[in-house]
Every structure is written in C-alpha cells, then in structure tokens.
Amino acid sequence: MTLTPTPGQTVGPFFGYALPFPHDNELVPPGTPGAVRLHGRVYDGAGDPVPDAILELWQTDAAGHVVQEAGSLRRDGYTFTGFGRASTDREGRYGFSTLEPGAPFFALTVLARGLLNRLFTRAYLPGAGDDAFLQSLDADRRSTLVTTRDETGLVFDVHLQGDRETVFLSYPRH
Amino acid sequence: MSAVASSDSAALTQAQVSAEIEEISGAYDASSAETQPRLDYPPYRSSLLRHPTKALHQADPEGVELWAPVFGERDLDALEADLTIQHTGEPVGERMVVTGRVLDGDGRPVRNQLVEIWQANAAGRYIHQRDQHPAPLDPNFTGMGRCLTDDDGSYRFTTIKPGPYPWRNHQNAWRPAHIHFSLFGTEFTQRMITQMYFPGDPLFPLDPIYQSVVDPAARERLVATYDHDLTVPEWSTGYRWDIVLTGPHRTLMEIDTEASEL
C-alpha cells in the first residue's frame, strides 16, 4: 500500500516557545574532552541574516555509529543521542556543541519563517572532499556543503538563496 | 489603531494577494499532482528571499539519514499531551481532543515517535513575545504539547480550539485557525513540520500559506475531520487527523528485522 504524503507547512514565526528545549544545542556539554563547536550563520537571498530559523542536527557518534538512545529532550549530561536543535540569534548565528562524527557528514534540517517546507542538507567534515556524493556535485557548489575549521570548531553557513546558495537535498519518494 | 509597520508588503490589499493566488492556481496543471507546498510562492511575502532558487538535489539517503533520533518516556511527561492542565486553572475556549495516526508512505504505523504541537489560544494569541496581536493572553494556556505515538502510530492531545489571528503579510491578513505539528519518522528523511486546519474555515481561500499547497486534493490533507465518536459527553469535541510521512527508504526486511529486535 502506497499512501500520498501529507504536505509540509512553514514552521512560522512563533516556534520559539515550543521547539527549543533546555540544552537543545548541546549534544555534549561544552568543554567536554573532544567537544567541537559546529556553528555558522543563516542568510537570506539579500545576504541578510535570518534571525528566526531553527536548525536540527542528526549525526553518528565519534566512531561512526548511528545512535539509538533516548534522552535528547532531557539531557543527562552523559548520554550522546546524536540529535540537537539550535535557534538562530538576532544576527542569524547558530551553534552546536557536539562531537566530530565518525561518518563524513552531519545531517541538518533547516526550518524558518518564510520557508514553506523544511530543507535538508549535509555539512561535510573538511577532509571529505573526495566523497562520492560531493564529487557528483558541480565544483562551484560543492563547497557549500563542506565545513571549514576555525579556532573553535567547524563553520557551516547556510545560504537560503543567492550566489552561494547551499545545496539542499531531496530524496527518492519525496 | 495602526500597529502595522509600513512596508511594501503591508501596503498590498487582500484583493491583490487573492489575485496572485488565483493566478497561480489557474496555471496549475492538476495532472502534475504536487503533494508539497511550493517553496517559491510569492503571495507569502516572507518566502521571497528565503526560498532556494535552484532545484533540490536528489540524493540517495546514506548513513544517519536512514535512521531517526529515538525519543522515549524519559524525554517527556505523559501530562504534556494535555494542554489544558498545564496551569492552575482551565483555559478559555472550546475543549477538544485531536487524535490520529502517523503512518509512513507504505502505510505502516510510526511507533513510539515524538509528536510536538504548538498553537495560539482561543483568542488567536500566541504566548510568543513577538506576537503583538492585541488579543488577550490566557494565563491558563501556553499552547505547547508533546506526546509519543503508540504501537498503532496513534497520537492524542487534549487542547482548546485555536482562534484565527491577524498577521502582516498584507493589509488585513488573517491566518485560518491551525495547530502546528512537528513529526519524526523512522528515518531522518521523513522529518516533517506542518499545520493542521479545521474543516470549512472561511479563511482558506485568502491564506497564502494554506494556498502554497497548490494542488486542491493535497491541501485537503491538511484539514482535520470532525469526529463525533471522539467527543466526550459534557466535556469536549473531537477531531481526527492522520499524517502520512514520505518514504521510507530502508527495505521492508530491514525494518522488520529491527522491529523484531526491539
């Protein structure tokens, strides 16, 4: 039996009291040995920051294993669940405290006022340039999916539109 | 009182926006059977600079994308499914039950998975500080709920019916009453955020967000059904709304094996 999917709709402007939860962007407590900061800014087509976006992160653990542990919404400080949320601030900045995944990329969803459906993308680790999926992209757009390293961790900016528009994904059966 | 900040979009009338909606609707080829909203939908002014202009890149899901985060009893309290008991008093409004099933594209129930909802109060006011609609806040209503689906994929919330509310997409713009839903499947590729509406809302034809789903049959999938069997005598009305996610991609054998291991 194949069913037709229900349509998505925008997350709207008023998710701020509903979707965030305590320590939502701390997959590991900041300062934990091995912790890395995955951070960046979200921009619109005019190059202005998007202050009302929320990103979701889903990733493997440091050994590359998919984690199937409950506890993201009420973190105990020890259990790595692989899932987190980060809202953008007034300057469009978001940040996660997490571990570098053993797999080559972080999976991300992007939600925002003005965005009529969620967007999927991947943030690849800096050394993943020869990944088969990245190689399948046009060279000038490939870099939009690859994080860069700074002194605090990994940087991944999201451009919803424009010259540096991020590559967003759809999957078969979408 | 004029609370509307001056901007080009605020100067547009409902008639102008409705004309745009009708033009797009008239140009829609029903045989294409679009199932999702247009990302590029100019009548929703906030989308103008926020929609990708390049086609989404088709990818085969890999690794974590073939799995979803796990949530469990430790993540939430059973009381979070009742939005009418989060404060000391009863919220104002029409008490109702909203229930339904979360299914994947193959019709299988999505079990033990997180469902989150948020909504305005009966007067059409969100508790969010950016909502400056001069309607009353309800000290007995926050408007946020969570639950886990059961083995049948069913979720169930008790809440009050939200009111319609004004927004600033254009002059005198009003959103139809709706409840926001956040859903996970068994794979991350099934992640969905959407809105549930109520049958027969007179604001449907005027609303650019609802109309961004250009296919009429697809739009209908956003509308709950009044179900008198869900009502509780002397207590609440009831609405049913089933949600179908995209996918999945993992093979049936893999999913069955995983289920038998749990």
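Everything here concerns the structure above.
All values reported here derive from a predicted model rather than from experimental measurement. (Residues numbered from 1 in each chain as written. Chains lettered and ligands numbered in written order. Predicted model: local features only at pLDDT ≥ 70, side-chain atom pairs only at ≥ 80, totals over all residues.)

## What to know about the overall build of chain A
- Within chain A, the regular secondary structure consists of two helices and 10 strands.
- Sequence-ordered secondary structure for chain A, helices as α and strands as β, is β-β-β-β-β-β-α-α-β-β-β-β.
- Relative to the globule expectation of 16 Å for 174 residues, the C-alpha radius of gyration of chain A, 16 Å, shows essentially globular dimensions.
- With the principal axes as the frame, chain A shows a C-alpha extent of 45 × 40 × 35 Å.
- By residue count, 49% of the 174 residues in chain A fall in the buried class. (Helix = DSSP H or I, 4+ residues; strand = E, 2+ residues; numbered from the N terminus. Rg over C-alpha atoms; globule rule 2.2 N^0.38 Å. Buried ≥ 20, exposed ≤ 12 C-beta atoms within 10 Å, placed from the backbone.)

## Considerations on the overall build of chain B
- For chain B, the helix and strand inventory stands at five helices and 12 strands.
- Computed over the C-alpha atoms, the radius of gyration of chain B is 20 Å, within 12% of the 18 Å expected from 2.2 N^0.38 for a compact globule of 262 residues.
- For the C-alpha atoms alone, the extent of chain B along its principal axes is close to 60 × 50 × 35 Å.
- Restricting to contacts in chain B with at least 6 residues of sequence separation, those with at least 24 account for 73%. (Contact = placed C-beta atoms within 7 Å.)

## Observations regarding the interface of chain A and chain B
- Of the residues lining the interface, 62 residues belong to chain A; the matching set on chain B comes to 64 residues.
- Secondary structure elements with two or more residues in the side of chain A that touches chain B: β5 (105-112), β6 (119-124) and β10 (169-170) of chain A.
- Take the side of chain A that touches chain B: its biggest share by element is four residues, from β5 of chain A.

## Comments concerning the environment of phenylalanine 204 of chain B
All names here are of chain B.
- Looking at the element boundaries, phenylalanine 204 is found in the loop between β9 (192-197) and α3 (208-211).
- Accessibility expressed as a C-beta count within 10 Å gives 16 for phenylalanine 204, which makes it partly exposed.
- Separated by 15 residues in sequence, phenylalanine 204 and arginine 219 place their C-alpha atoms 9.7 Å apart.
- When near neighbours in sequence (up to four residues on either side) are disregarded, phenylalanine 204 contacts Pro176 and Tyr210.

So far we have only geometry, and geometry alone does not tell us how the molecule works.
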